[in-house]
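Listed below are the residues making up each chain.
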Amino acid sequence: MGRRLIGPRQIHGKGGLYFAVYRAAGGSTLRESLGTRDHEQAMLLWPAAYQRLRDLANGKADVRPRLDEKVKPLEVVEITEAGKGPIAMPGHVFAGSYLRGGPEDHCELDWEEALEVHMRRRHERTGKPLAESTRRSIRKAFELVSKKPSHLDPKDVKDYVELLREKGYKATSISQRCSLLQGVTQSLVKTGWIPHQWPDGTIFQNPWEMIDTSAANKNHIPTASPQQCRKLIGDDCSLNGALRLSIRLMLYTGCRIGEITSRRPEDLDDGWLTIDVTPTWRPKSDNSRRILPVPVWCEAIPVRWPGRTSLNEAIQRVTPGISSHSLRHAWRTACREAEITTELAEHLMGHSQSVQLAGVYGKFSQKAKLEAMRKVWLVIDGWVGLD
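Chemist: Looking at this structure, I do not really get the sheet that holds strand S3 (residues 29-33). What am I missing?
Modeler: Picture the strands of a sheet paired through backbone hydrogen bonds; they go either parallel or antiparallel. Read from one edge of the open sheet, three strands run S1-S2-S3, paired in antiparallel fashion. In the strand order of this sheet, the two ends are held by strand S1 (9-10) and S3, each with one partner. Two strands pair when backbone bridges link them, and S1 and strand S2 (residues 18-23) are joined in this way by two bridges, in the antiparallel orientation. Note on S2: the bridge partner recorded for Arg 9 is Phe 19. The sheet strands contacting helix H1 (residues 39-57) are S2 and S3, and the helix crosses S2 at an angle near 30°.

Chemist: It is not clear to me how helix H3 (residues 132-142) should be interpreted in this structure. Could you clarify?
Modeler: Residues spaced three or four apart along an α-helix point in a common direction, a consequence of the helix completing one turn every 3.6 residues. Those residues of H3 that fall on the buried side of the exposure criterion are Arg 135, Ile 138, Ala 141 and Phe 142. For H3, the arc enclosing every buried residue in end-on projection is 120°, short of the 170-degree limit, so these residues lie on one face. Those residues of H3 that are buried are in contact with helix H2 (111-126), helix H4 (154-166) and helix H5 (171-190).

Chemist: I tried to follow the sheet that holds strand S5 (residues 272-275) on my own but got confused; where do I start?
Modeler: Pairing within the open sheet is antiparallel, and its three strands lie in the order S4-S5-S6. What marks the edges here is a single partner per strand, and that holds for strand S4 (268-269) and strand S6 (290-293). Sheet topology places S4 next to S5; two bridges connect them, and they run antiparallel. Bridge pairing in S5 places Asp 269 opposite Trp 272.

Chemist: Honestly, the pairing of S5 in this entry has me stumped. Any pointers?
Modeler: Side-chain positions along a regular strand alternate between the two faces of the sheet. As consecutive antiparallel partners, S4 and S5 are separated by two residues, and within that stretch Asp 270 has a phi angle of approximately 55°, a positive value. Relative to S6, S5 runs antiparallel, the two being bridged by four bridges. Its bridge partner being in S6, Ile 275 is matched across the sheet by Arg 290.

Chemist: Could you clarify how one ought to interpret the side chain of Arg 332 in this entry?
Modeler: Its place among the elements puts Arg 332 in helix H11 (residues 324-337). Beyond its immediate stretch of four places on either side in the chain, Arg 332 contacts Thr 342, Ala 345, Glu 346 and Met 349.

Chemist: So what exactly am I meant to see when it comes to the pairing of S3 here?
Modeler: Within S3, four of the five residues are buried, which leaves it mostly tucked inside the rest of the structure. Where S2 lies against S3, five bridges are found, and the strand directions are antiparallel. In the strand pairing of S3, Phe 19 is matched with Ser 33.

Chemist: How should I be thinking about the pattern of salt bridges in this particular structure?
Modeler: Where charged atoms of side chains with opposite charge meet at close range, the side chains can pair. With the rule as written, the count across this model stands at 14 salt bridges. Here Glu 259 and Arg 256 are joined by a salt bridge, their closest N and O atoms 2.6 Å apart. Owing to a relative accessible area of 14%, Arg 256 belongs among the buried residues under this scheme. With a shortest N-O distance of 2.9 Å, Glu 259 and Arg 290 are connected by a salt bridge. With Glu 259 in helix H9 (residues 257-261) and Arg 290 in strand S6, this pair connects stretches of sequence that are 31 residues apart. On the basis of relative accessible area, Glu 259 is assigned to the buried category, the value being 0%.

Chemist: What exactly am I supposed to notice about the packing of aromatic side chains here?
Modeler: Aromatic rings in a pair are described by how distant their centres are and how their planes are angled relative to each other. Using the criterion set out here, one finds four aromatic pairs in the structure. Judged by centre distance (6.0 Å) and plane angle (15°), the ring pair of Trp 111 and Phe 142 falls under stacked. Linking Trp 111 in helix H2 with Phe 142 in helix H3, this pair joins segments that are 31 residues apart in sequence. You'll find Trp 111 and Phe 142 in the same group, each marked buried. Chaining the aromatic ring pairs together yields one cluster made of Trp 111, Phe 142, Tyr 160 and Trp 208. If you follow Arg 248 out to its NZ or CZ, it ends over the ring of Trp 297, 3.9 Å from the centre.

Chemist: Looking at this model, I keep getting lost on helix H12 (residues 342-349). Mind explaining?
Modeler: Those residues of H12 lying buried are Leu 344, Ala 345, Glu 346, Leu 348 and Met 349. In the stretch just after H12, Gly 350 is the one whose phi turns positive, near 75°.

Chemist: What is the right way to read the packing of H2 against H3 from this model?
Modeler: In helix packing, the relevant descriptors are the interaxial angle and the interaxial distance, both defined with respect to the helix axes. Direction vectors running N to C along H2 and H3 enclose 150°, while the axes themselves pass 11 Å from each other. With respect to each other, H2 and H3 are oriented roughly antiparallel. By crossing handedness, the relation of H2 to H3 is classed as right-handed. Together, Trp 111, Glu 112, Leu 115, Glu 116, His 118 and Met 119 of H2 and Arg 135, Ile 138, Arg 139 and Phe 142 of H3 make up the contact between the two elements. A breakdown of the residues in the contact of H2 with H3 according to their chemical character gives five nonpolar, one polar and four charged.

Chemist: Would you mind going over the confidence of the model for the protein chain with me for this structure?
Modeler: Low pLDDT means the predicted atomic positions in that stretch should not be read closely. Of the residues in the protein chain, 77% reach a pLDDT of 70 or more, and the chain-wide mean stands at 78. Mean pLDDT across the secondary structure elements of the protein chain bottoms out at helix H13 (residues 354-361), with 46, and peaks at helix H14 (residues 366-384), with 95. The model gives residues 1-5 a pLDDT under 50, and that stretch makes six contacts with residues more than four places away or in other chains.

Chemist: Looking at this structure, I do not really get the packing of H11 against H14. What am I missing?
Modeler: Viewed as axis vectors pointing N to C, H11 and H14 meet at an angle of 110°, and their least axial separation amounts to 9 Å. By the angle class used here, H11 and H14 are roughly perpendicular. Mapping the contact onto sequence places Ala 330, Trp 331, Thr 333, Ala 334, Cys 335 and Glu 337 in H11 and Met 373, Val 376, Val 379, Ile 380 and Trp 383 in H14. In terms of residue class, the contact of H11 with H14 is built from nine nonpolar, one polar and one charged.

Each value, and the rule that gives it
Residues numbered from 1 in each chain as written. Predicted model: local features only at pLDDT ≥ 70, side-chain atom pairs only at ≥ 80, totals over all residues. Heavy atoms only, no water. Pairing = 2+ DSSP bridges. Helix = DSSP H or I, 4+ residues; strand = E, 2+ residues; numbered from the N terminus. Contact = heavy atoms within 4.5 Å. Axes fitted to C-alpha atoms, helices over the stretch in contact; angles between N-to-C directions. Buried < 20%, exposed > 50% of the residue type's maximum accessible area, 1.4 Å probe, protein only. Arc of directions from axis to C-beta. Salt bridge = Lys/Arg side-chain N within 4 Å of Asp/Glu carboxyl O. Phe/Tyr/Trp six-rings, centres within 6.5 Å; stacked < 30°, edge-to-face > 60°. Lys NZ or Arg CZ within 6 Å of the ring centre and 35° of its normal. Parallel < 35°, antiparallel > 145°, perpendicular 65-115°, else oblique. Left-handed = near helix turned anticlockwise from the far one by under 90°. Nonpolar A, V, L, I, M, F, W, Y, C, P; charged D, E, K, R; others polar. pLDDT = per-residue confidence, 0-100.

So this is what it looks like as structure tokens:
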């Protein structure tokens, strides 16, 4: 049985926007976003939208409201916890509610407005607000983009990449910025602000996906070697106090720098360190929340940790060419030498795939985690000269 064309349809799964759909005699399909996730509201908006699409398909005059006309914006309704209710930004007509006349007729959102749409979509999908650091990164990324999101083409993206290169940005920074802007543009498509298909049949393609902006060197973060680990925390190391403890904990637990420097004294309990939300740190993902065993020499967590910049500068001063994240890679190397299973190692690192793996292999007990960690510690002890 085919999909129905009468009445509003909800796309992108449960919680997606409702659309009106009209299939023309020639086989082409026209769509118009109703700009709402509420079924009752969609039922009210659908008849007029369906008529506009039918008139358009039959070659009648375009009766749709245009962006340059004064149109009453959709009523601003807060989205409920259940994810229902129309979404419309204050002071703006929901541009995605009107099917474009062609690629030259663009959605007029600027990048700041597009970011607001992206933030709202991410919040609806994950139940969490977009991290402030990510918002700052996105704003830095688009401050050098001269055109609005829907006006860009692949040449504009290529020019943007060249501009960043001329300004001395590294390949990894360029790749990260383009990836962030690709995500924002995709949110405009997924929420109906940019149509998936123009009436002439042209499929919208995200220009940020059409230019290869990936970093040339995939292994841009080197792994700390056993010799470098010994220099950092061995007996001859010049670092001491909280600096040395921070580096040592990162190496022995495989934690990210933010996970260690945001820990509070109460996060350490009877040899187990809780990695969870704090006032100064938010997990990279839900999988980053975990409880890890720590060596017996970690008896207390300092009230105040060194700053991340100070830590990385100290690491590079002693071992030029590596960073704090190199220690995380070294910990993963120690896992392989200790013959720890991939599933358990991924879980201990807080990687995103650990949830899928846990669904197959089950959750890991504290005993299993402690035994695995002890094997890894023995390997690292050998590296730094403590065996």
